[in-house]
Every structure is written in structure tokens, then in C-alpha cells.
Amino acid sequence: MHSASYRVVSHGSYAALEYDDSAKLGLTHALDPPAGSWPLRVVVIGAGYVGAVAAAGLAQLGHQVVCVDREPRRIAMWRALRPPLHEPQLPELVRDGTARGCLRFAVTATRALRKCDAVVVAVGTPMLPDGSVDLAQVEAAVEEVASCAPAGTTVIVKSTVPPGTCARLTRRLQALRRGEILVAANPEFLRQGFAVRDFIAPSRTVVGIDDRRAEQCVRVLYRGIDAPFVVTDFVSAELIKYAANAYLAMRISFINEIARLCDALDADIADVALGIGLDPRIGVEAMKPGLGFGGSCLPKDLRGLLDVGKRADVPLPLASAVRAVNDEQVAYVVRRISVALAGLEGRRIAVLGATFKVGTDDLRISQALELVRCLASAGAHVCVYDPVAGDELPGQLGGIAACACSAEAAAAEADAVILATPWPQLIGALSRIKARMRGAVFCDARNAVDPGTIRSAGLLYLGVGRPLSSKAVQPSRLAV
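Residues numbered from 1 in each chain as written. Predicted model: local features only at pLDDT ≥ 70, side-chain atom pairs only at ≥ 80, totals over all residues. Heavy atoms only, no water.

(A) Representation of the pattern of salt bridges within the structure. Summed over the entire model, instances satisfying the criterion amount to 24 salt bridges. Arg-74 is the salt-bridge partner of Asp-69, the closest N and O atoms lying 3.1 Å from each other. In the salt-bridge network here, residues are joined through shared partners; they are Glu-180, Asp-211 and Arg-213. (Salt bridge = Lys/Arg side-chain N within 4 Å of Asp/Glu carboxyl O.)

(B) Representation of the nonpolar core. The biggest cluster of nonpolar side chains holds 46 residues, and the ones touching the most others in it are Val-43, Leu-113, Val-119 and Val-145. Once residues within four sequence positions are removed from consideration, Val-43 is found in contact with Val-66, Val-68, Ala-112, Leu-113, Cys-116, Ala-118, Val-119 and Val-120. Core analysis: the second largest hydrophobic core is formed by 45 residues, Ala-52, Leu-58, Trp-78 and Ile-156 among them. (Core = buried A, V, L, I, M, F, W, Y, C linked by side-chain atoms within 4.5 Å. Buried < 20%, exposed > 50% of the residue type's maximum accessible area, 1.4 Å probe, protein only. Contact = heavy atoms within 4.5 Å.)

(C) A look at the packing of aromatic side chains. Taken as a whole, this structure holds two aromatic pairs when the rule is applied. On the basis of an interplanar angle of 5° and a centroid distance of 5.6 Å, the ring pair of Trp-78 and Phe-105 is categorised as stacked. Taken together, the residues Trp-78 in helix 2 (residues 72-79) and Phe-105 in strand 5 (residues 103-106) connect sequence positions 27 residues apart. Just as Trp-78 is buried, Phe-105 falls in that class too. Above the plane of the ring of Tyr-332 lies Arg-260, whose end atom (NZ or CZ) is 5.3 Å from the centre. (Phe/Tyr/Trp six-rings, centres within 6.5 Å; stacked < 30°, edge-to-face > 60°. Helix = DSSP H or I, 4+ residues; strand = E, 2+ residues; numbered from the N terminus. Lys NZ or Arg CZ within 6 Å of the ring centre and 35° of its normal.)

(D) Structural view of the environment of Val-333. Here Val-333 shows up in helix 12 (residues 317-341). Separated by 95 residues in the primary sequence, Val-333 and Gly-428 place their C-alpha atoms 23 Å from one another. Excluding residues that lie within four positions of it along the chain, Val-333 makes contacts with Gly-290, Leu-291, Cys-443 and Val-464.

(E) Representation of the sheet that holds strand 4 (residues 64-68) within the structure. Ordered by their spatial adjacency, eight strands build an open sheet running 5-4-3-6-7-8-9-10, and the pairing between neighbours is mixed. Pairing within the sheet leaves two strands with one partner each, and these edge strands are strand 5 and strand 10 (229-232). Averaged over all pairs of adjacent strands, the angle between their axes in this sheet comes to 25°, without regard to strand direction. The pairing of strand 6 (residues 118-121) with strand 7 (residues 154-157) spans four bridges and is parallel. By the bridge assignment for strand 7, Val-121 is matched with Val-157. Contacts from helix 6 (residues 165-176) reach strand 7 and strand 8 (182-185) within the one sheet, and its direction differs from that of strand 8 by about 170°. Where helix 9 (residues 234-265) meets the sheet, its contacts fall on strand 8, strand 9 (205-209) and strand 10, and the angle it forms with strand 9 comes to roughly 145°. (Pairing = 2+ DSSP bridges. Axes fitted to C-alpha atoms, helices over the stretch in contact; angles between N-to-C directions.)

(F) Representation of the sheet that holds strand 16 (residues 460-462). On the basis of which strands lie adjacent, the open sheet formed by six strands has the order 13-12-11-14-15-16 and parallel pairing. Here the strands that pair on one side only, and so sit at the sheet edges, are strand 13 (402-403) and strand 16. Pairing between strand 12 (residues 381-385) and strand 13: two bridges, direction parallel. Across the sheet, the residue bridging to Val-384 is Cys-403, located in strand 13.

(G) Examining the packing of helix 5 (residues 136-148) against helix 6 more closely. Running from N to C, helix 5 and helix 6 point in directions that differ by 35°, and their axes come no closer than 10 Å. Crossing hand, helix 5 versus helix 6: right-handed. Judged by residue contacts, Val-138, Glu-139, Val-142, Glu-143 and Ala-146 of helix 5 engage Arg-168, Leu-169, Arg-172, Leu-173 and Leu-176 from helix 6. A breakdown of the residues in the contact of helix 5 with helix 6 according to their chemical character gives six nonpolar, no polar and four charged. (Left-handed = near helix turned anticlockwise from the far one by under 90°. Nonpolar A, V, L, I, M, F, W, Y, C, P; charged D, E, K, R; others polar.)

Below, the structure written as C-alpha cells:
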């Protein structure tokens, strides 16, 4: 493919792109909206968060979609319209696509692959102990495509993969068969809890290609979605995903670090964050201190970026520092609770919320669970309640803490209550838990509750970067 670079120059259903050939700024080419066949026959490999949302979203756009997963139990649950994961609006989208005949679920992909136009690879890429990425599922999916799919099929890689992966997959496909199969890197930017919204109305669509025909296929696939369309090479597209998540992680660690300084100076992080975030060059997103970042994306992708830098012999001290701050954040919150209780040994503590954030039932790399582990290792008796986590929670706790059936039950005889995941139903229950407590310490580990409300209930409010006592002026509320 001829070397070229692209940049967005306008938005719309098909963002016009300036095409800069040979770095001559005056030579531009506006890409026309693709004609292409419609609808496409799409196979989505992977029925987890990314795959299920992509499958349901593409069916909503009108494509004929088969979503494949090797776990029979997971497929059976999707077929029965009993989603195996918690994601707002996704059950309705799956139900609608199934009813219209646009969406099917299968355990094997062979039959669907033989008649497909595009394959979306959305399988897991878990982190290995050394921080590198396990690409076994991606490679297995591509091998299956090579054995079944017709010539001209485009493989669209949505799984998060290290730079260089799509180029290697292209070479592998070329070695496995004569009929040409194209590849496109198409990283996802879905936020758990908002994944359906982010698919239908994305902030941008990033596509990495080495053949313009693959770009055309992706444009047809997303026809009807109004978002900037950024076209680049494989490696740049792959790196965009890692860099975006590392930057978000950096912002969270930065604001947690400033919150620690606020605690030392008796300043209010809510006001400090607002004053920073109103700068249009910065913004307010990911400027909320608490227990740090967790989940399946930011920690893994930050480690992945560090591994990429290590293999390229490029030190990444800032990214390393971001990880170090996050690794320390839970311990910092635990120390503050220990000071408030004059020690944790033998104390009864209720932890409200266990998922890594609101809007999902995902417990992977949950800072709330890490908080539970730290409290238990310090000798505290911990009771946990989460309104969404479900049957997986007891197994995740591994006997180090008890599970409760309600927030009120968790708070019974507690010396302290910690809001670790700010589910609205947990915040709504706070007015009822004071009577069940033995002590008077309330730790708002996500800065999600008005301190005045807690103090008026006769509790000691302990936030992250929030003053221990009330102040006469509340600039953050006045400014808003």
C-alpha cells in the first residue's frame, strides 16, 4: 500500500478525511461514502462484553449477524435472552435483534463463516504474569477464519492487541491460504455500563489498514453511525487503544495523588478538581479520586503498554509511575480508615459495593475487592454487599469476608461503613444504616456522597481528599 497519512476534516455519517500523499499538504482527497453491498453478513467471534455489544449493535444497524462463542453455557443464556453479564440496554437490543431475525448465537462458526462478508474478532486478550498479552484466542479465531471464510472476507480485529499484531495476522493469513482475506484493526472504546451508548454513538471510529478495500468494508459496516472516522496504519491504530487507556489511567492516578495532598493540607479535592477540569485543555472526565482504577481494560492495557515499551527498549517512567500510584491507592485509603478507628484489628467493617465500578457486574481487578483483602489482612471482620455482583462474589472473596443480603444487613454492628462502589441504591440506603451501626465512621471511598448529609446524620465523614470538618464556603457548588 502506498504510504500516506490521514486526518479528520469534517464530521458526519462519513467523516471527510484529508489525504496527505507524500507529506504534501496541498494534495488532498475527500473519501466518498462507500456504496458496498447491504446488509453485510457478519460473524462476531466472542460473546463477552465487546462481542455481544458489537453483535447486537450491528444487528440494530441492519446487518445479518451471527455471534459465536465456544462456551455453550454462555450461548445458551444469550439464546434464552438471559444475558450472562450486566450491561444496561443490552438485553433489549439483543431481544430486538433476535426478534427481527438479524441476530443469532452459535457455538461453532464454521457454517456462518462460509458465507460471511466480514468477521469481527472480539475475543479476550488476557494479561500474562509478566505483563505481556496472551493472543491465543485471537490467533485461534484467525486460524478458523482462514480455514472457512471465502476470499474477500475482511477480518476486523476489535480485541485489544499489541502493536504489530494485525500485520502478523495478515502474514499468517497469506501463508495459510491462496484466497485473499483482508485485515483491519478497529479498537473498541466501550465503557462498561455505557457500552451500548458508546457503540451506537461513539466518540470516534479508528481503523488501521494496509489495504483500502478493508477500509471500505468497515465503512459499510458502520454506515448510519455519526462519528469521526480516523484511518491510519495497523500499528498506529493498535497503539491508539493502549495510549488512550494509559492516559485515562494517568489522569485517575494524578487526581488521586493530588487528593492525598489535599488530605495533608485540609484542602477540598472537589474544588481543586473542578478548578482544574474547567480548563478546556483538560476537562472533568476521569478527574474523580477514590480507590483507583480497576476493571478489565485500564490495568491490563497499562501493563500492556509498559510491556511494549520494554520490548522496544523505550523506558516509560510516567506510565510506570501511574501504575505505582494506583497500586498504592487502596493501601492509602485503608491507612486513613485505620487512623479513624484507632486500628483495624477486631473491627467490624461493612463494605458497600464490590464491582470495579457502577453499571457493570464485573469483578475483575476490582479495587473494592482489593480493599476488602487489605482490611481482612489487617485483622478486620469484613461484611460485603453489592446489589449487582451476584453469585460470583462469594467465590471472589474466598472466605476472607462475609456476604450480606442488603446494605442494612452488612452495616449491622459495624464500626465503620465504606462506600466502595457508588451504586445509586446503596447511596439511597445510607439514611437507613446509621441505626444499624455500632460505630460512627463512614468512609466515602469514591467521593460520591455529600459530606454534609453524612455529618448531619451524626457520622464522621471520611473522603479521599475531602476536609475532615465542614467549611463555610463550598466553592465547587457555587461555581457549578
